[in-house]
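Notes for the structure review
What follows is the residue order along each chain.
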Amino acid sequence: ATPYSITQGVATALTEPTNAILGIALFDIPTAKAAWVVKRGVTLGLGGDSAAAGSALMVDSSGEFIAATVTPVTGDSSKVVALTGMTNGTLTKVFINA
């Protein structure tokens, strides 16, 4: 019935770990704009590396998914799992439970 009230903010290292996964944006979100972000279910995620189906994923510094090779941040990497094999620079079917 009324427009959404949007407040822009930045998650800092004090509030969120650097590689915390909060959700998957379905497209690039322009500055000062709002969009829906997938937090649970099956969607496509951009691969930044190769990973096998069933791999737990984490994000790299570019926000692309890579195979989790380090101890996950509590509640982080295990939130996203590759449902199909992933290669660098391609969209891959993933399950997210953020």
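Described below are features of the structure shown in this document. (Residues numbered from 1 in each chain as written. Predicted model: local features only at pLDDT ≥ 70, side-chain atom pairs only at ≥ 80, totals over all residues. Heavy atoms only, no water.)

1. Section: the sheet that holds strand 3 (residues 40–46)
Our working definition: We call two strands paired when DSSP finds no fewer than two bridges between them. Runs of E in the DSSP output that reach at least two residues are strands. Runs of H or I that reach at least four are helices, and both are numbered from the N terminus. To get an axis, a line is fitted to the C-alpha atoms, and for a helix only the part in contact is used. The angle between two axes follows their N-to-C directions and goes from 0 to 180 degrees.
Ordered in space as 3-7-6-4-5, the five strands form an open sheet in which the pairing is antiparallel. A single partner strand is all that each edge strand has here, and the edge strands are strand 3 and strand 5 (65–67). Across the sheet, the axes of successive neighbouring strands diverge by a mean angle of 45 degrees, strand direction being ignored. Across two bridges, the pairing between strand 4 (residues 56–59) and strand 6 (residues 80–82) is antiparallel. Bridge pairing in strand 6 links leucine 57 to valine 80.

2. So, the nonpolar core
Quick reminder of the rule: In these notes, a set of buried Ala, Val, Leu, Ile, Met, Phe, Trp, Tyr and Cys residues joined through side-chain atoms within 4.5 Å is what counts as a nonpolar core. Three labels apply to residues, based on accessible area from a 1.4 Å probe with only protein chains included: buried if under 20% of the type maximum, exposed if over 50%, partly exposed otherwise in between. Residues are treated as being in contact if the distance between any of their heavy atoms lies within 4.5 Å.
Grouped together as the largest cluster of nonpolar side chains are 13 residues, with contacts concentrated most on Ile21, Leu57, Phe65, Val80 and Ile96. Setting aside residues no more than four positions away along its own chain, phenylalanine 65 makes contact with Ile21, Ile24, Gly45, Leu46, Gly47, Gly48, Asp49, Leu57, Met58, Val59, Val80 and Met86.

3. Describing a nonpolar patch on the surface
Operational definition: Each patch is built from residues lacking any salt bridge and having more than 30% relative accessible area; the joining distance is 9 Å for like charges and 5 Å for nonpolar side chains (Val, Leu, Ile, Met, Phe, Trp, Tyr). Areas reported as accessible are Shrake-Rupley estimates using a 1.4 Å probe. Residue values count occlusion only from the protein chains shown. Here a salt bridge means any side-chain nitrogen of Lys or Arg lying within 4 Å of a carboxyl oxygen belonging to Asp or Glu.
A cluster of nonpolar side chains, Leu26, Phe27, Ile29 and Val37, forms an exposed patch at the surface whose accessible area comes to about 350 Å². Within the fold, valine 37 resides in strand 2 (residues 37–38).

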